[in-house]
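Okay, here's what each chain looks like letter by letter:
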Amino acid sequence: MRPICCLLFVLSAGLVLAADDFKPEPGFTLIFNGKNLDGWQTKADGKTKAESLAGKTEAFAGRYRVEDGQLVIDYKTKQNRYIDTAKELTDNVVIRFDFKPGEGCNNDFLFLGSKFDVKAGAKGSGKGVKLDEWNTMEIVVKGGTADFMINGEKAATQKTKGAKGPLSVRAEFGPINLKNIRVSEGKK
């Protein structure tokens, strides 16, 4: 029995290390470290100023929380809330991340005036989204246009406004988990 227990421990430890050892592609930089919300802030809304989330593992009473290397949007905590990258990104950028939407997911990603709703299984923004499975989102912004790609397929194209700004994540309805959020700026 003992060798089997040791083998299981070694295999499970390897899986934990593999999740923590994500290495972005050359030219990409992680903007979510999987440990806390360093590099993120609450969204200023005219009534309140942006508040740094550095060193924190949750925001808005758990609406957003960091768990097992993932940014978890808890649908049980009811609030329509936003978090932004503290760093403003340019209008010549590729943003890439993995997401796993749950039943009833309708959460948004906003950048330079463009807005993309992730709705699992729906037409339009949900086309090609696999419910309760990891999907890949890529937002390619260049020359005033944002292309939103899901699992390698173009899901939408929108005009952008402005030359730089934060990436915003909106917790609206339903569960979604995010990981491996990374950017590559200035690529032609």
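Worth saying up front: this structure is predicted, and the values here are computed from it rather than measured.

(A) Fine view of the overall build of the chain. Each helix and strand counted, the chain has one helix and 16 strands in total. Residues counted as buried form 40% of the 188 residues belonging to the chain. Summarising the internal contacts of the chain: among those between residues at least 6 apart in sequence, 65% fall at separations of at least 24. For the chain, the accessible surface area stands at approximately 10400 Å², while carbon and sulfur atoms represent 55% of it.

(B) Local environment of the confidence of the model for the chain. Looking at the chain, pLDDT values average 86 and 84% of them are 70 or higher. The low-confidence segment residues 4-19 (pLDDT under 50) makes zero contacts with residues lying over four places distant or belonging to another chain.

(C) Up close: the environment of Leu89. When you line up the elements, Leu89 lands in strand β7 (residues 89-90). Sequence separation between Leu89 and Pro166 is 77 residues, and the spatial gap between their C-alpha atoms is 5.8 Å. When residues no more than four places from it in sequence are discounted, the contact partners of Leu89 are Ile95, Phe111, Ala163, Lys164, Gly165, Leu167, Val183 and Glu185.

(D) Expanded view of the pairing of strand β4 (residues 64-67). Across the two faces of β4 the burial differs, with Tyr64 and Val66 buried and Arg65 and Glu67 not buried at all. Where strand β3 (residues 58-59) folds back onto β4 in an antiparallel hairpin, the turn is made up of four residues, including Phe60, whose phi is positive at roughly 55 degrees. As paired elements, β4 and strand β5 (residues 70-73) share four bridges and run antiparallel to each other. Looking across to β5, one finds that Val66 is bridged to Leu71. Taking the residues that link successive antiparallel strands as the turn, the β4-β5 hairpin has two residues, and the phi of Asp68 there is positive, at about 50 degrees.

(E) Looking closely at unusual backbone geometry. Positive phi is not limited to glycine here, since Asn151 has a value of about 50 degrees. Note on placement: Asn151 falls in the loop between β12 (145-150) and β13 (153-159). With a relative accessible area of 28%, Asn151 lands in the partly exposed category. One non-glycine residue, Asn180, lies in positive phi territory at about 55 degrees. Mapped onto the secondary structure, Asn180 falls in strand β16 (residues 176-185). Classification of Asn180 by relative accessible area gives buried; the value is 14%.

(F) Representation of the side chain of Ser114 in the model. The topology assignment puts Ser114 in strand β10 (residues 114-119). Ser114 sits in the buried class, given a relative accessible area of 1%. At a separation of 2.6 Å, a polar atom in the side chain of Ser114 contacts the main-chain carbonyl oxygen of Phe111. If we skip the residues at most four places from it in the chain, Ser114 touches Phe109, Ala146, Phe148, Gln158, Lys159 and Thr160.

Scoring rules and cut-offs
- Residues numbered from 1 in each chain as written.
- Predicted model: local features only at pLDDT ≥ 70, side-chain atom pairs only at ≥ 80, totals over all residues.
- Heavy atoms only, no water.
- Helix = DSSP H or I, 4+ residues; strand = E, 2+ residues; numbered from the N terminus.
- Buried < 20%, exposed > 50% of the residue type's maximum accessible area, 1.4 Å probe, protein only.
- Contact = heavy atoms within 4.5 Å.
- Areas by Shrake-Rupley, 256 points an atom, 1.4 Å probe, with all protein chains shown as cover.
- pLDDT = per-residue confidence, 0-100.
- Pairing = 2+ DSSP bridges.
- Polar contact = N/O pair within 3.5 Å; in protein donor to acceptor, adjacent residues only side chain to side chain.

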